[in-house]
Amino acid sequence: MPELKRLFISLMLALSLNWAAVAASGPKSVGCGISYYTMTGEYRHWSKDRNAFHSASVSFDFDGLFNNEVLFPGVSTSYAYDFCFDRSLRNGGSLAFYTGPGVTTGWVKDRNTQFGIMFGLKLDLGVEYRTPRSPLSIGAKINPTIGMHIHRKDRNIQMGSYLNGLISGMIPEFTVAYDFGRPYQATEGDREAPVFTYGAEASYNFLFFRFARSNWYDADGIRHYSEDGSLCSSNHFLILGLLGVNIGRNFNLSVASGYTTISYNPKPAIPLLFRSSVYFGKLSGHNRLYCYISGGPAFNPGKAFYGVPCLYDTGVAYRIALDRRSRLDFKIAIAGSFSKPLIDGAASVTLSREFLLGLNIGVSASF
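Residues numbered from 1 in each chain as written. Predicted model: local features only at pLDDT ≥ 70, side-chain atom pairs only at ≥ 80, totals over all residues. Heavy atoms only, no water.

Novice: Looking at this structure, I do not really get the pairing of strand β3 (residues 52-61). What am I missing?
Specialist: Put simply, side chains in a regular strand alternate between the two faces of the sheet. For β3, the buried fraction is high: 7 of the 10 residues fall into the buried class. As judged from the 9 bridges shared by strand β2 (residues 38-46) and β3, these two strands associate in the antiparallel manner. By the bridge assignment, His45 is partnered in β3 with His54. (Buried < 20%, exposed > 50% of the residue type's maximum accessible area, 1.4 Å probe, protein only. Helix = DSSP H or I, 4+ residues; strand = E, 2+ residues; numbered from the N terminus. Pairing = 2+ DSSP bridges.)

And the structure:
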């Protein structure tokens with residue numbers, strides 16, 4: 001395996017040098033994308049006429065992660081040169097189509113194999129809508145990859161086609177980007193934030209600590225009791241819709257619901273969370289930092305019912321103003337859950353407590 005890691009580091013270094021070569025003067029934008037299998041961060045360096053751009057990205061591959069086949073996501077990096085065809089719309093925005101070739105490499109898992117080195121050629125094919133009078137762009141793209149995957153099996157190094165490159169690459173990836181070439185300029189008229197707000201949020205939870213307390217009766221009717229606290233590794237997605245109200249310029253109360261998974265062994269649940277946020281800075285139209293705390297019950301519609309668990313998270317976020325109403329937030333938080341009880345009638349076991357602690361990283365858009 002050391003020889004595979006040395007090859008991977010060499011490929012990553014070659015792409016990093018290529019990134020440095022394109023990071024010169026000219027319009028720039030940054031963005032993120034999410035699909036069923038991947039989450040991507042992207043940097044774009046545009047030509048002066050905006051008819052083409054260099055794209056450098058880092059992606060996290062979740063294949064096998066949420067069913068706990070693997071402990072950590074795979075990672076890959078890519079470079080592409082895309083040609084852009086822009087068409088203006090009547091509302092002042094524009095619709096852009098782009099396509100171009102690229103190269104990619106990474107340390108990822110393929111179908112029915114362990115982690116290994118991936119490298120190959122890819123094709124970007126996408127469309128995005130550039131909103132009027134703001135630096136926000138939203139879009140979708142596919143990027144099928146033809147490549148090879150080198151991995152170790154039974155102490156032998158094997159090389160085969162990278163199947164996930166074609167399968168996951170054909171699944172649409174939804175993107176959001178911020179263009180530094182056309183920033184939104186806040187004015188004194190933007191001091192008054194809208195009273196009511198709404199939005200959507202997507203986040204990733206990595207749980208790293210679990211505490212469980214159990215009691216049960218054996219065949220002789222004797223009650224047993226145990227406690228267990230240990231490090232763990234469990235991965236979860238959280239998708240929320242939010243409705244809120246601004247109280248003054250620096251305080252917001254909101255309620256959120258959507259879809260998530262709970263417990264060390266993931267089970268689907270519908271959360272109902274209440275959130276309180278405090279913003280720093282006087283102008284709501286400026287980019288600014290804020291902190292928040294949220295919590296509430298989660299209802300599991302499945303047969304294995306974990307009572308009514310309580311979900312919670314508290315953290316900080318950085319808010320980017322896109323126009324008078326639109327905001328894009330990047331957040332990091334400490335998150336977890338607390339549940340009781342789970343009763344297994346066949347074994348007469350009661351899991352009276354389960355406490356989980358983890359790290360939450362997410363992005364949200366609000367209006």
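Novice: When you look at the packing of aromatic side chains in this model, what are you seeing that I'm missing?
Specialist: To describe a pair of aromatic rings, you give the distance between the ring centres and the angle between the ring planes. Evaluation of the coordinates by the stated rule reveals 8 aromatic pairs. A ring pair is formed by Tyr279 and Tyr290, whose centres lie 4.8 Å apart and whose planes are at 55°; its orientation type is tilted. With Tyr279 in strand β14 (residues 267-279) and Tyr290 in strand β15 (residues 288-299), this residue pair connects regions lying 11 residues apart in the sequence. As far as burial versus exposure is concerned, Tyr279 and Tyr290 are alike and both buried. Sitting over the face of the ring of Tyr98, Arg44 holds its NZ or CZ atom 5.0 Å from the ring centroid. (Phe/Tyr/Trp six-rings, centres within 6.5 Å; stacked < 30°, edge-to-face > 60°. Lys NZ or Arg CZ within 6 Å of the ring centre and 35° of its normal.)

Novice: Is there a simple way to explain the pattern of salt bridges in this structure?
Specialist: Under the definition given, this model contains 9 salt bridges. In this structure, Arg44 engages Glu42 in a salt bridge whose closest nitrogen and oxygen atoms are separated by 3.5 Å. Each of the two residues, Arg44 as well as Glu42, counts as buried. A salt bridge links Asp124 to Lys122, with the shortest nitrogen-to-oxygen separation between them at 3.4 Å. (Salt bridge = Lys/Arg side-chain N within 4 Å of Asp/Glu carboxyl O.)

Novice: Hey, could you run me through the layout of surface pockets in this one?
Specialist: The gaps of empty space that remain are located by a probe, the size of a water molecule, rolled over the atoms. Quantified by volume, the largest pocket comes out at close to 610 Å³. Taken together, 30 residues form the lining of the largest pocket, with Cys32, Ile34, Val176, Ala202 and Val363 sitting closest to its centre. Mapped by element, the contributors of at least two residues to the lining of the largest pocket are β1 (28-34), β2, β7 (136-142), β10 (173-179), β11 (196-217), β17 (327-339) and β19 (349-366). Of the residues that constitute the lining of the largest pocket, the class distribution is 19 nonpolar, 9 polar and 2 charged. (1 Å grid on protein atoms, 1.4 Å probe; cavity = no way out; pocket = protein on both sides within 12 Å on 5 of 7 lines; lining within 4 Å. Points joined across faces, edges and corners; volume = space filled by probe spheres on them. Nonpolar A, V, L, I, M, F, W, Y, C, P; charged D, E, K, R; others polar.)

Treat this as a map of the structure, not an account of what it does.
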